[in-house]
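Spelled out, the chains give:
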Amino acid sequence: MLEVLSQDYIRAARARGLSTLQVLLYHVVRNSLTPVITVLGLTAGQLVGSTLFVEAIFNLQGFGQVVARALTLGDIQTATAGALVGTVIVLLSNLMVDVFYVMVDPRVKLS
């Protein structure tokens, strides 16, 4: 956000007479959300991948424990279904990131 505050268009918006709140809401926050959305999208994929390890270490019941048990017992169908569900979750999070990009930055177009 500090990087966006030093841009020329922020100074131009202030020179046009916009209040500090308007500059922050319409220019600074909107232009600084793109990296935040990217990090959140990547984190969603990491969270899905790390559930297997966290649930195995702390002996919690959940999606990761089911997949880990299926892998140790050789249950191919359950392990494949777990991989498919994890893949769908990552794909949906990437789709949501793309949709949020279009909402935040009008220069980005979905084709």
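Residues numbered from 1 in each chain as written. Predicted model: local features only at pLDDT ≥ 70, side-chain atom pairs only at ≥ 80, totals over all residues. Heavy atoms only, no water.

(A) Focus on the overall build of the protein. Counting secondary structure elements, the protein contains five helices and zero strands. Listing the helices and strands of the protein from first to last along the sequence gives α-α-α-α-α. Taking 13 Å as the expected radius of gyration for a compact globule of 111 residues, we find that the protein reaches 21 Å, considerably beyond that expectation. Along the three orthogonal principal directions, the C-alpha set of the protein runs to about 65 × 35 × 15 Å. The proportion of buried residues among the 111 residues of the protein is 21%. (Helix = DSSP H or I, 4+ residues; strand = E, 2+ residues; numbered from the N terminus. Rg over C-alpha atoms; globule rule 2.2 N^0.38 Å. Buried < 20%, exposed > 50% of the residue type's maximum accessible area, 1.4 Å probe, protein only.)

(B) A look at the pattern of salt bridges. Considering all chains together, one arrives at one salt bridge under this definition. Residue aspartate 8 pairs with arginine 11 through a salt bridge whose shortest N-O separation is 3.1 Å. Linking aspartate 8 with arginine 11, this pair stays in helix H2 (residues 8-15), spanning three residues, or about one helical turn. On the basis of relative accessible area, aspartate 8 is assigned to the exposed category, the value being 55%. (Salt bridge = Lys/Arg side-chain N within 4 Å of Asp/Glu carboxyl O.)

(C) Spotlight on helix H4 (residues 63-73). All of the buried residues in H4 are Gly64, Gln65, Val67, Ala68 and Ala70. At the C-terminal side of H4, glycine 74 shows a positive phi close to 80°.

(D) Here's a closer look at helix H5 (residues 76-104). Its 29 residues place the ends of H5 42 Å apart at the C-alpha level, agreeing with the 42 Å of an ideal helix rising 1.5 Å per residue. Of all the positions in H5, only Ala79, Gly82, Gly86, Ser93, Val97 and Val104 are classed as buried. Tucked into the core, H5 has its buried residues touching helix H3 (20-58) and H4. (Expected span 1.5 Å × (residues − 1). Contact = heavy atoms within 4.5 Å.)

(E) Structural detail: the nonpolar core. Core analysis: the biggest nonpolar cluster contains five residues, these being Val4, Ile10, Ala13, Val23 and Val28. Counting residues per element, the ones that place at least two in this core are H2 and H3. Ignoring anything within four residues of it in the chain, the contact list for valine 4 reads Tyr9, Ile10, His27, Val28, Asn31 and Ser32. (Core = buried A, V, L, I, M, F, W, Y, C linked by side-chain atoms within 4.5 Å.)

(F) Fine view of the environment of leucine 24. Inspection of the secondary structure assignment puts leucine 24 in helix H3. For the pair leucine 24 and valine 90, spaced 66 residues apart in the sequence, the C-alpha separation amounts to 32 Å. Beyond its immediate sequence surroundings of up to four residues, leucine 24 is in contact with Met1, Leu5 and Val29.

(G) The arrangement of the packing of H3 against H5 in detail. Across the interface, H3 lies against H5 with an axial gap of 9 Å and an inter-helix angle of 175°. Considered as vectors, H3 and H5 are oriented roughly antiparallel to each other. Of the residues in H5, those in contact with Arg30, Leu33, Thr34, Ile37, Thr38, Gly41, Ala44, Gly45 and Val48 of H3 are Gly86, Ile89, Val90, Ser93, Val97, Phe100, Tyr101, Met103 and Val104. A class-by-class count of the residues in the contact of H3 with H5 yields 11 nonpolar, six polar and one charged. (Axes fitted to C-alpha atoms, helices over the stretch in contact; angles between N-to-C directions. Parallel < 35°, antiparallel > 145°, perpendicular 65-115°, else oblique. Nonpolar A, V, L, I, M, F, W, Y, C, P; charged D, E, K, R; others polar.)

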